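Structural overview
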Amino acid sequence: MKAGRIIIRAAAVLTSAAAALSAAVLKPIDAEISEENTPARFSHAVTAAAFSADTKDSSSAEGETDAGDNSTENITGEEELFTEESSSVLPRLPDESSSSEGESLSEAAHEENMSLADSGGNTETSHQTDNTDKEEISKQTESAPETIGGTPSASESGSDVPSTSARENTENSAVQPDQPTADDSSDSEEEQTVITDDGESSGEPGKDTYPEGGINKVNAADKVYFSTDITDGKHYDQPELKFTITHNCPELKIGQIEVKLDGMKQPFGDRVTLAEGKNEIYISVSYTDKDGKVITACREYTVWLDKAESEKTPPVFVTDLCDTSTGNAEFAFKAYFDGGTDDAEGLSLVVKLGGRTLEGAGGCYVCTLSRGENIITVTGGYDFDGRHTEINESYVITLEADSEAPFLEYINVPESTRSRIFTLDLIARDSGGGRLYKGNICVRLNGAEIKSSWSETTYTTYALKLAPGDNTLDIRVTDSDGLFSDYSYVIGCTAGADGEVIGSAALTVDCGVLGLGSICDSADIDIIQGQSAAEAVTKALEAMGFTVGYRGEFEGGFYLYGLYKENIAAGAEIPADLRGCLENDPTVRISDRTDPDRLCEYDFTSGSGWMVTVNGHFTTYGFSDIHLQDGNSLVLKFTLAGGRDIGDKGSGALYDVQY
């Protein structure tokens, strides 16, 4: 609402008789101005008075002549009565008791008001006759001092009595304007006054404020014709604003109700649809009193629509991945978060094929599959509404490639490792299942070819020296016909400094071939960066009370030939079924060489000694070339037949009995 601003629009229809009054000579008015009678600024309502045809005609013959044949005149005017910064003090009419010419002055004031109305002024008063009319007009004139016809007040001119020039200006201001056209000459007794009810802008109801040099006005009764439940300046969070209009004058007949929003007329009189930000609401209601006069009251409000916060929803993980088979090596899929991403924190999604991170565009990914099973993993998560959600999905995509192409049957590629050296084991075969060896296998690490320096039994093995960060491993397997298959992996290396503990491995010492089972409790050994398995296992055995017999160095050529400990072999005996296998093997001779405090090579048989498995597999290389990874499981196993009795396929035909 624009507080402190009142706009009055009036359409006055004057009769010929009222027009005649405008020719009356205005009598000078004594001014008496002081701070005490300065009008207070406030908001008010204005009532309307209609001048009817039976109004007392005190005009001169010249006034009738000027009126011509037109019996009525429609004069409209629009005036901004005041702003927050403006106020004025105007002369006050003297009381009848203060002058011997009081009655004459009162009549002159009445004629003067009628003259101003005829000249475009908005005179609003209830017309009465005889002395009652004179007294009422005199009182109203006192309570609403105003410059008459634009004449400066006595206080402004510095004189108590207006000058002759001032009287002449006053008389000139009473001259009638141009005559209305024939179209406007219809007789009407109805007057319409537009009123702005701005009651909230004032703390002093019941007073009137007139601007300096403003329109002559005689106030009747202040009224607030209607009120609403709209709060000026309020912030709303919903666009639809419904309101109620309360009419405060039951004696008036309610007419038209008009509602505008930002200057646009609204279809309903009890609601508006707000736009985001500032909204100007204008409401007007027209009333008709018992005499047929129309009064229109108006109110303005400024309200705000705040941006509505949408309901927060968590993100949804979307993918078309599933366990499936395909004959196309080029594989496309989608993986992304949908909705709620603006409300989530720490949003992340990582997609990998094997150990290689895939880069997607808009949640779409394309990758090249290897023959056989391909593992696609999706990991990530987000924080929403105080809770953390993890995404950890894995999908198996099987490539059913050309049945004639060679393939990898086994490979032990890790996704990541903390060791700078990784021992790679693989098995390659042709389409018929035949073993392919290192001559048919090309291994490249970060673009550089890696050669295998060990014999091939169970696996073809490579030592990979990794760089910090991601390392790309590419493998091509080619058969005798020139057909090939390509494989690619990424190994992340987070190597620590030399001497740093980078993990642990489990160690077990087994002697089942002598009926002793495990000869000590399993132990966890620390994996030290830069330390070979030879050194780690030796120190762990010594910590368990064993004396380790070995040849070579930890860094190369290490061979563990025996363990020594009191009563380590006490009660040792070859099981009968294994003895039968040994007796039937021409490469092995049973020996009487035994000692209860040791277990060494050549004890009990000519083929005895210690072998090691890593994660259940025998290696084709020695302890010096084993570089343990966190979580590895090592078993130190005693054999009586070079490994054929404990499952080492690289040692030849296995016995029917395995320990």
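What counts and what doesn't
- Residues numbered from 1 in each chain as written.
- Predicted model: local features only at pLDDT ≥ 70, side-chain atom pairs only at ≥ 80, totals over all residues.
- Heavy atoms only, no water.
- Helix = DSSP H or I, 4+ residues; strand = E, 2+ residues; numbered from the N terminus.
- Buried < 20%, exposed > 50% of the residue type's maximum accessible area, 1.4 Å probe, protein only.
- Contact = heavy atoms within 4.5 Å.
- Areas by Shrake-Rupley, 256 points an atom, 1.4 Å probe, with all protein chains shown as cover.
- Salt bridge = Lys/Arg side-chain N within 4 Å of Asp/Glu carboxyl O.
- Pairing = 2+ DSSP bridges.
- Axes fitted to C-alpha atoms, helices over the stretch in contact; angles between N-to-C directions.
- Polar contact = N/O pair within 3.5 Å; in protein donor to acceptor, adjacent residues only side chain to side chain.
- 1 Å grid on protein atoms, 1.4 Å probe; cavity = no way out; pocket = protein on both sides within 12 Å on 5 of 7 lines; lining within 4 Å.
- Points joined across faces, edges and corners; volume = space filled by probe spheres on them.
- Nonpolar A, V, L, I, M, F, W, Y, C, P; charged D, E, K, R; others polar.
- Core = buried A, V, L, I, M, F, W, Y, C linked by side-chain atoms within 4.5 Å.
- Phe/Tyr/Trp six-rings, centres within 6.5 Å; stacked < 30°, edge-to-face > 60°.
- Lys NZ or Arg CZ within 6 Å of the ring centre and 35° of its normal.

With that settled, consider the overall build of the protein chain. From N to C terminus, the protein chain includes eight helices and 38 strands. The proportion of buried residues among the 659 residues of the protein chain is 45%. Taking all contacts inside the protein chain whose residues are at least 6 apart in sequence as the whole, residues at least 24 apart take part in 69%. Entry remark: accessible area of the protein chain is about 32,700 Å², with carbon and sulfur atoms responsible for 45%.

Taken as a whole and assessed by the stated rule, the structure comprises 17 salt bridges. The closest approach of N and O atoms between Asp291 and Lys293, which form a salt bridge, is 3.5 Å. Relative accessible area serves as the criterion here: at 14%, Lys293 is assigned to the buried category. Among the ionic pairs, Arg418 bridges to Glu500, the shortest N-O distance being 2.9 Å. Here the residue Arg418 occupies a position in the loop between strand E22 (416–417) and strand E23 (421–429), and Glu500 occupies one in the loop between strand E29 (484–493) and strand E30 (501–511), the gap between them amounting to 82 residues. On the basis of relative accessibility, which here comes to 34%, the residue Arg418 falls in the partly exposed class.

Our focus in this paragraph is the sheet that holds strand E34 (residues 556–564). The three strands are arranged E33-E34-E35 in an open sheet whose pairing can be described as antiparallel. Two strands lie at the open edges of the sheet, namely strand E33 (547–553) and strand E35 (598–600), each paired on one side alone. Adjacent strand axes in the sheet meet at a mean angle of 25°, parallel and antiparallel pairs treated alike. For E33 and E34, the ladder comprises six bridges, and the chain directions are antiparallel. By the bridge assignment for E34, Gly549 is matched with Gly562.

Mapped onto the elements, Lys352 comes out in strand E16 (residues 345–353). Taking relative accessible area as the criterion, Lys352 reaches 18% and is therefore assigned buried. In terms of polar contacts, Lys352 uses its side chain to reach the side chain of Glu415, at 3.0 Å.

Attention now moves to the layout of surface pockets. Looking at the largest pocket, its volume works out to about 570 Å³. Forming the boundary of the largest pocket are 27 residues, of which Ser370, Glu373, Asn374, Tyr487 and Tyr489 lie nearest the centre. Mapped onto the lining of the largest pocket, the elements with two or more residues apiece are strand E18 (364–368), strand E19 (372–384), strand E21 (407–411) and E29. If you tally residues by element for the lining of the largest pocket, the top one is E21, at five residues. Along the lines of polarity and charge, the residues of the lining of the largest pocket split into 14 nonpolar, seven polar and six charged.

For helix H7 (residues 533–543), a buried count of eight out of eleven residues is recorded, marking the element as mostly surrounded by other parts of the structure. Residues Ala533, Ala534, Glu535, Ala536, Val537, Thr538, Ala540 and Leu541 constitute the buried set of H7. Where H7 is buried, its residues touch E30, strand E32 (523–528), E33, E34 and strand E38 (633–639). Looking at the residues trailing H7, positive phi occurs at Gly545, about 100°.

In this section: the nonpolar core. With 49 residues, the main nonpolar core has Leu541, Leu563 and Phe623 as its most contacted residues. Counting residues per element, the ones that place at least two in this core are E30, E32, H7, E34, helix H8 (576–583), strand E36 (609–614) and E38. It is H7 that provides the largest number of residues to this core, a total of six residues. Discounting chain neighbours no more than four positions away, the residues touching Leu563 are Val509, Leu541, Phe546, Thr547, Val548, Ile568, Asp597, Arg598, Leu599, Cys600, Trp610 and Leu636. The next biggest cluster of nonpolar side chains, apart from the first, holds 22 residues, and it includes Phe226, Ile230, Val285 and Val303.

Let us look at the packing of aromatic side chains. Summed over all chains, the structure comprises twelve aromatic pairs. Pairwise contacts between aromatic rings join Tyr550, Phe554, Phe558 and Phe623 into one cluster. Over the ring of Phe484 we find Arg476; its NZ or CZ atom is 3.9 Å from the centre of that ring. Here Lys565 stacks its cationic end above the ring of Phe546, 4.6 Å away from the centre of that ring.

On to the sheet that holds E19, then. Pairing in this open sheet of five strands is mixed, and the strands run E14-E20-E19-E16-E17 from one edge to the other. Two strands lie at the open edges of the sheet, namely strand E14 (324–326) and strand E17 (356–357), each paired on one side alone. Of the strand pairs in this sheet, E16 and E17 are connected by two bridges, and their pairing is antiparallel. Pairing of Lys352 across the sheet is with Thr357, part of E17.

Here we come to the pairing of E16. In this sheet, E19 lies alongside E16 in antiparallel orientation, the contact comprising seven bridges. Each bridged residue has a counterpart across the sheet, and for Val351 the counterpart in E19 is Val378. The turn linking E16 back onto E17 is made up of two residues, and Gly354 within it adopts a positive phi angle of 65°.

Turning next to the side chain of Ser284. Of note, Ser284 is situated in strand E11 (residues 277–288). Among residues more than four places away in sequence, those in contact with Ser284 are Gln256, Ile257, Glu258, Thr296, Ala297 and Cys298.

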